[in-house]
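Read off the chains here:
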Amino acid sequence: MKGNKTARVTATAMVLAVILFVFVMMDLSWAGTRTLSLGEVWDALIGKGTWANDIIVNTQNLPRVVLGIFVGAGLAVTGAVMQAVFRNPLATPYILGLSSGASLGAALAVLIPVSFIPLTLMQPMLAFVLCFCTMLLVYSISKSSGSMIKTETLVLAGVAVSSLITAVVSLLTYIAPSEQMGSIVFWSMGSLGNATWEKIAFAAPIIAVGIFVMVCQSRNLNAMMLGDAHAMDLGVDVRRIRLFLLVISSLVVAAAVSFAGTIGFIGLVIPHIFRLILGPDNRLVIPISVIGGSAFILMCDYISHVVAPLYGVLPIGVVTAIIGAPFFIYLLCTKKKAIGW
Amino acid sequence: MVNAMEVKDLSYSYAGSNVLEDICLTVGKGEILGILGPNGGGKTTLLKNLNKNLSPRCGCVLVDGTDIADLSKKAIASKVAVVPQTNEVNFSFTVREIVEMGRMPFQESFRGSSTSDSEIVDRALEQTGLTGMQERLINTMSGGERQRVIIARAIAQTPQILLMDEPTLHLDISKQFDSLNLVTKLARDNGMTVVIVSHDLAMAARYCDRIIMIHNHRIHAMGRPEEVLTPENMRTVFNVDADLFFDEKIGKNTVILHDSYNGN
C-alpha cells in the first residue's frame, strides 16, 4: 500500500509535467490566424527562429504563458490551503472577498484616473491594495465577535463583505461611461492577455515565495484539518499559523488577481482532483497543485484563444468555469464519499 | 514522589463568570489522577488549561518545574499529549497518517519522518492493536475505533503526561476496559503520568491512584479513591446515592450507584 502510494504520486507528477509541457508549447504556438509548428516554437525559444516567429513566441506569447504558470499555481495552492485552513470544501481564494476587493480596486482605477500614474500600473496597484484591505476587514469583523476566530464566522463575514463590494462594483460598472465599462467587465472575467515582463517581475516573486511558505506549512495544515483542538494538542499554534496563512494567501491572490483579473474555479477544482487521487495529505496535494494549477490555466488559455476565432480571444475566466464547473459537478455526483467532505 | 505537573492557584473565567477558582494540585510522575465532577462543571476547561489550549486568568501550570506560559505550543506538545473528547474526522486520512502526526512536535516543518519516528509509530500501532488496520481510512471507522487511533497518536507523541477527556464516552464497555488497561500499563511500565477527566465514578474508582472532585468551580475533595468517593461527597457533588466497594474478585475499587436524590 505504501509503495503503491509512492508510485501513484510519481505517476501523477509525471503525467502532469507532460501535460504542462504540452500546453506550454501549444499556448506558445498561437499566432492569431494560424498556429506555429512545435519545431518553430522550439527554434524561436532557443533563439534560432525567424524574425516573425521570434516576435510571436517570445514577445507576444511568452509573457502570457509565464504569467499563466504563476497565476495558475498560486490560485490552485491558495485554494488547497484555504480548504484545509477552513476545513471547508467550498473555501477558495475568493471566499474572504479577496476577488471582489481586487475588482473594486480595478474599477476605481478606471473611473478615477490619476494623471501622473499610467492606468496599466494604477489598476493592478489599486487592486492589490483593496484586495489586501478587504482581507483585513473580513478578518477584523470576525475577530470582533470573540477572541477565538471561528471558521464559520470568518466565512460568513467573507460572503457578506464580498456581496457588498460586488454590488458597489456593479454600480460602478452601471454608471461608468460605456468606453470604460468594457475594461472593467473584461477585467472581472479574467485575462492573461495583458501580461508584460514588468508585471511578471512584480507578481512572480510574491507568488513564488508565497507558494514556498505554504508548502512548508503543509504538515501543520494536515493537523489543522482534524480540527483546531487536535492541532493545538499536537503543538500547532493554530491562531498564529492561521493568521499567517491568511496574510500569505491574500498576498498571493492579490498578486494573481491584480494582473490577470478574477479567474475562477482553479482554486476550487484543482485541489479536489488531487485529493481524490492522492488522499488528503497536504504534503502531496499542495506541491502537486502547483503543477496542476499551471497546466489547467494554460490549457484554458489555449482553448480561449482557438475555440471561437470569430469572436477573437475569449475571457479565460469564462473558459475555466465552463470546463471546471461541469467537471466539479461530475466529481460531486460520483466521488462525494471519496473526497471525504 | 517527583512532581510531573503542578497547578498553582489557577483561576479561569469565561465571559465574565468564573469557571474555575483557586485550583491547586500536584500530579506525581507515573501517577493516574482522576478529575471528577458533573457535566458543565469546568473539568474539560481545567484540562485545556493544562496544555495551554486555554490560558488561565491567574495562577500557573508547571510541567517539569517550568511554567507552560513560557513554553511554545510545540515544546508543550513534546511533553503533554491529549486524547480529546470529540474525535470526528471528515477527511480520508489513513490510520497510520493520523498516528504519524503524533511525531509532529519533534519534527522540523518540512522534513520527512526519520527511522526512529516510524519505529515509534509502529510500536504505538502495535500497542493499541492497530497494526493490521493501519491503512484503513479514519472517516470510515466507528467512534470507538477512532478513539483507539487517537490514543495511538498520543502514545506516538511519547509524552511524559497524557491528558484524557472522558475516555470512556464513545466506547463499548469492553473497549473501555481495553483502553484504560493499556493506559494503566503505560503509566506503570514507562512512568507516564495520566490525568483523566470523567464523570464515570466506577471507572475512576477502579483505575485512578488519586481523585480530585470539582464542585462549584473549586476543588471539593482530593485524595485516594476511598477517601474521596465517600457517600457524602458523591451526594454533594453528583446528587446520587452511591457507595464505594472493594471488588474482591479483581482486587480493585468500584462504585455502586443506588439511585439519584432528585425528587426524594
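Residues numbered from 1 in each chain as written. Chains lettered and ligands numbered in written order. Predicted model: local features only at pLDDT ≥ 70, side-chain atom pairs only at ≥ 80, totals over all residues.

Caption draft 1: Structural view of the overall build of chain A. A count of helices and strands for chain A gives 15 helices and two strands. Relative to a compact globule of 341 residues, whose C-alpha radius of gyration would be 20 Å, chain A shows 20 Å and is just as compact. Expressed as lengths along the three principal axes of its C-alpha atoms, the size of chain A is roughly 65 × 55 × 35 Å. Burial analysis of chain A (341 residues in total) assigns 50% to the buried set. When contacts within chain A are restricted to residue pairs at least 6 apart in sequence, those whose partners lie at least 24 apart make up 76%. (Helix = DSSP H or I, 4+ residues; strand = E, 2+ residues; numbered from the N terminus. Rg over C-alpha atoms; globule rule 2.2 N^0.38 Å. Buried ≥ 20, exposed ≤ 12 C-beta atoms within 10 Å, placed from the backbone. Contact = placed C-beta atoms within 7 Å.)

Caption draft 2: Region of the structure containing the nonpolar core. Judged by nonpolar contacts, the single largest core of 180 residues is most densely connected at A:V81, A:C131 and A:A256. Summarising the domain contributions, this core has at least three residues from each of domain 1 (3-79 + 159-260) and domain 2 (89-158) of chain B. Apart from residues no more than four positions distant in its own chain, A:C131 is found in contact with A:L98, A:G101, A:A102, A:G105, A:S250, A:V253, A:A254 and A:V257. (Core = buried A, V, L, I, M, F, W, Y, C linked by C-beta atoms within 7 Å. Domains from an automatic or database assignment.)

Caption draft 3: View of the sheet that holds strand 5 (residues 66-67) of chain B. All names here are of chain B. Strand order in this open sheet of four strands is 2-1-4-5, and the pairing throughout is antiparallel. Sheet topology places strand 2 (17-28) and strand 5 at the edges, where each strand pairs with a single neighbour. Summarising the sheet, strand 1 (residues 3-14) and strand 2 pair through eight bridges and their orientation is antiparallel. Bridging across to strand 2, V7 finds its partner in L25. (Pairing = 2+ DSSP bridges.)

Caption draft 4: Up close: helix 12 (residues 266-278) of chain A. Residues and elements named next belong to chain A. Here helix 12 spans 18 Å end to end across 13 residues, near enough to the 18 Å set by a 1.5 Å rise per residue. Burial analysis of helix 12 places ten of its 13 residues in the buried class, which makes it a mostly covered element. Along helix 12, the residues that are buried comprise I266, G267, L268, V269, I270, P271, H272, I273, F274 and R275. Of the residues trailing helix 12, G279 is marked for its positive phi of about 90°. (Expected span 1.5 Å × (residues − 1).)

Caption draft 5: Spatial organisation of the environment of A:I184. Residues and elements named next belong to chain A. Along the polypeptide, I184 turns up in helix 7 (residues 178-189). Classification of I184 by C-beta neighbours within 10 Å gives buried; the count is 23. A C-alpha to C-alpha distance of 5.6 Å links I184 and A107, two positions 77 residues apart in sequence. Other than its neighbours up to four places away in sequence, I184 contacts A106, A107, V110, T173 and A176.

Caption draft 6: Broad picture of the packing of helix 3 (residues 51-86) of chain A against helix 12 of chain A. Residue and element names in this part refer to chain A. The interhelical angle for the contact between helix 3 and helix 12, taken along N-to-C directions, is 70°, at an axis separation of 7 Å. Considering the angle they form, helix 3 stands roughly perpendicular to helix 12. Of the residues in helix 12, those in contact with G72, L75, A76, T78, G79, A80 and Q83 of helix 3 are I266, G267, L268, I270 and P271. By residue class, the composition of the contact of helix 3 with helix 12 is seven nonpolar, five polar and no charged. (Axes fitted to C-alpha atoms, helices over the stretch in contact; angles between N-to-C directions. Parallel < 35°, antiparallel > 145°, perpendicular 65-115°, else oblique. Nonpolar A, V, L, I, M, F, W, Y, C, P; charged D, E, K, R; others polar.)

Caption draft 7: Quick look at the sheet that holds strand 8 (residues 193-198) of chain B. All names here are of chain B. Taking strand neighbours across the sheet as the criterion, the six strands line up as 6-7-8-3-9-10 in an open arrangement whose pairing is mixed. The sheet is open, and its two edges are formed by strand 6 (80-83) and strand 10 (218-223), each paired on a single side. The mean inter-strand angle of the sheet, taken between neighbouring strand axes irrespective of direction, is 20°. The pairing of strand 3 (residues 32-36) with strand 9 (residues 210-215) spans four bridges and is parallel. Looking at strand 9, one finds that L36 is bridged to M213.

Caption draft 8: Looking closely at the pairing of strand 11 (residues 240-247) of chain B. All names here are of chain B. Of the strand pairs in this sheet, strand 11 and strand 12 (residues 252-260) are connected by eight bridges, and their pairing is antiparallel. By the bridge assignment, L244 is partnered in strand 12 with V255. Counted between consecutive antiparallel strands, the loop separating strand 11 from strand 12 contains four residues, among which G251 sits at a positive phi close to 70°.

Caption draft 9: Spotlight on the environment of A:N61. All names here are of chain A. Mapping N61 onto the fold places it in helix 3. Judged by C-beta crowding, with 23 C-beta atoms within 10 Å, N61 ranks as buried. Along the backbone, N61 and Y94 are 33 residues apart, and their C-alpha atoms lie at a distance of 28 Å. Ignoring sequence-local partners within four residues, the contact set of N61 consists of D27, L28, W30 and I56.

Caption draft 10: Summary view of the pairing of strand 4 (residues 58-63) of chain B. All names here are of chain B. Two strands pair when backbone bridges link them, and strand 1 and strand 4 are joined in this way by five bridges, in the antiparallel orientation. Following the sheet pairing, M5 is matched in strand 4 by V63. Direction of pairing for strand 4 relative to strand 5: antiparallel, over a ladder of two bridges. Among the inter-strand pairings, V63 is bridged to a residue of strand 5, identified as T66.

Caption draft 11: The arrangement of the interface of chain B and chain A in detail. On the side of chain A, 23 residues touch chain B, which itself brings 22 residues to the contact. Broken down by element, the side of chain B that touches chain A gets its largest block of residues, four residues, from helix 2 (residues 73-77) of chain B.

Caption draft 12: Spatial organisation of the confidence of the model for chain B. A residue-level look at chain B finds 97% of positions with pLDDT of 70 or above and a mean pLDDT of 89. Taken over the whole predicted complex, pTM reads 0.87, whereas the ipTM for its chain interfaces reads 0.87. (pLDDT = per-residue confidence, 0-100.)

Caption draft 13: Up close: helix 5 (residues 143-156) of chain B. Residues and elements named next belong to chain B. Here helix 5 is 14 residues long and its end C-alpha atoms lie 20 Å apart, about the 20 Å a rise of 1.5 Å per residue gives. Across the 14 residues of helix 5, eleven count as buried, placing the element largely inside the fold. Taken as a whole, helix 5 has its buried residues at R146, Q147, R148, V149, I150, I151, A152, R153, A154, I155 and A156. Residues of helix 5 that are buried in the fold lie against strand 6, helix 3 (95-100), helix 4 (115-127), strand 7 (161-165) and helix 6 (173-190).

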